[in-house]
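So the chains spell out like this:
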Amino acid sequence: MADYVPHERKLTLKVVYYGPALSGKTTNLMQLHTLLRPQRKGELMVLETRDDRTLFFDVLPIGLRSEQGLDLRLKLYTVPGQVQHDSTRKAVLSRADGVIFVADSQQAQQDNNANAFDNLADSLQKLGMDIEQLPIVVQFNKRDVPGAIEETELQTRWRNTPWAPLCMAAAINGQGVVESFRVLLKRLYPTLDQEFRLAADEGISETDFIHRLSALEVPHA
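Residues numbered from 1 in each chain as written. Predicted model: local features only at pLDDT ≥ 70, side-chain atom pairs only at ≥ 80, totals over all residues. Heavy atoms only, no water.

Colleague: Please clarify how the overall build of the protein chain should be interpreted in this entry.
Modeller: Within the protein chain, the secondary structure is distributed over seven helices and nine strands. For the protein chain, buried positions account for 49% of its 221 residues. Sequence separation of 24 or more characterises 69% of the internal contacts of the protein chain that already satisfy a separation of 6 or more. Within the structure as shown, the protein chain displays about 11100 Å² of accessible surface, and the carbon and sulfur contribution to it stands at 49%. (Helix = DSSP H or I, 4+ residues; strand = E, 2+ residues; numbered from the N terminus. Buried < 20%, exposed > 50% of the residue type's maximum accessible area, 1.4 Å probe, protein only. Contact = heavy atoms within 4.5 Å. Areas by Shrake-Rupley, 256 points an atom, 1.4 Å probe, with all protein chains shown as cover.)

Dropping the structure here:
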């Protein structure tokens, strides 16, 4: 649920990267931090355990300011994938405005993907949120790994769900990371526009919203 502070004209949105352990959630955020050039981009904070898995969350705050003075901020979080951190995942997921579910394309990880998605649905239900109403993007990561399930097969499996079509990525190489993020922004915008009149009152169209939050860093010569 978007956090709006009227007297400060500040609107803060929360996006959560969710998925099984080692699927590439933190890698997505690290690549976004490297690739994006929004009007404002904060520090990427990473908290890790001794075995290099994200224990709590990563936060990447980015934002824009409209000509009418709306301060729009987007905070991106990841959750720990390990099952023992279920309560932490639920706490991070609370009041999320959108979710990018990062699945693993390896055949051996499909049960873990399914369990994590079921856990997402269960956690949202316990938080009083409807998984079919929440803007969600399903990204199948690790497309660069030998033996990855064919994209056609994955798209067929998911084609009758509210989350089709799927996004494909090889986050370690930066492939599909920004594209997945832009799909989520596109799915986020209609609800935000309806509630906060972004186009009518703030001059932020869907195209502006997506472009200004996902503009790419210009490579140095």
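Colleague: Mind showing me how you'd approach the pattern of salt bridges here?
Modeller: A side chain of one charge can pair with a side chain of the opposite charge when the charged atoms of the two come close. Within this structure, the stated rule accounts for nine salt bridges. Measuring nitrogen to oxygen at the nearest pair gives 2.9 Å for the salt bridge that ties Glu-206 to Lys-186. Of this pair, Glu-206 sits in helix α7 (residues 206-214) while Lys-186 is found in helix α5 (residues 177-196), placing the two residues 20 residues apart along the sequence. Taking the relative accessible area as the measure of exposure, Glu-206 reaches 28% and is therefore partly exposed. The structure contains a network of salt bridges with shared partners spanning Arg-65, Asp-71 and Arg-73. (Salt bridge = Lys/Arg side-chain N within 4 Å of Asp/Glu carboxyl O.)

Colleague: Looking at this structure, how should I read the pairing of strand β6 (residues 71-78)?
Modeller: Side-chain positions along a regular strand alternate between the two faces of the sheet. Taking burial as the measure, the eight residues of β6 include six buried ones, the bulk of the element. In this structure, strand β2 (residues 10-18) lies alongside β6, joined through eight bridges in parallel fashion. Paired with Lys-10 across the strands is Asp-71, a residue of β6. (Pairing = 2+ DSSP bridges.)

Colleague: What is the right way to look at helix α3 (residues 110-126) in this model?
Modeller: Compared with an ideal rise of 1.5 Å per residue, which puts 17 residues at 24 Å, α3 spans 24 Å between its outermost C-alpha atoms and is within 8% of the ideal. Among the residues of α3, those classed as buried are Gln-110, Asn-113, Ala-116, Phe-117, Asn-119, Leu-120, Ser-123 and Leu-124. Trailing α3 by a residue or two, Gly-128 shows a phi angle of about 80 degrees, which is positive. (Expected span 1.5 Å × (residues − 1).)

Colleague: Sorry, what's going on with the nonpolar core here?
Modeller: Across soluble globular proteins, you tend to see nonpolar side chains buried next to one another. Counting residues in each nonpolar core, the largest one holds 34 residues, and the members touching the most others are Tyr-17, Leu-32, Leu-74, Leu-76, Phe-181, Leu-198 and Phe-209. Listed by contribution, the elements that provide at least two residues to this core are β2, α1 (25-35), β5 (54-65), β6, β7 (98-104), α5 and α7. Among the elements that make up this core, the one with the highest residue count is α5 (nine residues). If you look at the next biggest cluster of nonpolar residues, it comprises 27 residues, including Tyr-18, Ala-96, Leu-134 and Phe-140. (Core = buried A, V, L, I, M, F, W, Y, C linked by side-chain atoms within 4.5 Å.)

Colleague: In this structure, what is going on with the packing of α5 against α7? I would like to understand it.
Modeller: For any two helices packed against each other, the geometry is given by the interaxial angle and the distance between the axes. Direction vectors running N to C along α5 and α7 enclose 140 degrees, while the axes themselves pass 9 Å from each other. Here α5 is positioned oblique relative to α7, judged by the angle of their axes. As for how α5 packs across α7, the hand of that crossing is right-handed. Side by side, α5 and α7 meet where Val-178, Phe-181, Arg-182, Leu-185, Lys-186, Leu-188, Tyr-189 and Leu-192 of the first sit next to Glu-206, Phe-209, Ile-210, Leu-213 and Ser-214 of the second. A per-class count over the contact of α5 with α7 returns nine nonpolar, one polar and three charged. (Axes fitted to C-alpha atoms, helices over the stretch in contact; angles between N-to-C directions. Parallel < 35°, antiparallel > 145°, perpendicular 65-115°, else oblique. Left-handed = near helix turned anticlockwise from the far one by under 90°. Nonpolar A, V, L, I, M, F, W, Y, C, P; charged D, E, K, R; others polar.)

Colleague: Is there a simple way to explain the environment of Leu-216 in this structure?
Modeller: One can find Leu-216 in the segment after α7. Under the relative-accessibility criterion, Leu-216 is labelled partly exposed at 42%. Those residues in contact with Leu-216, other than ones at most four positions away along the chain, are Leu-35, Leu-36, Arg-37, Val-178 and Arg-182.

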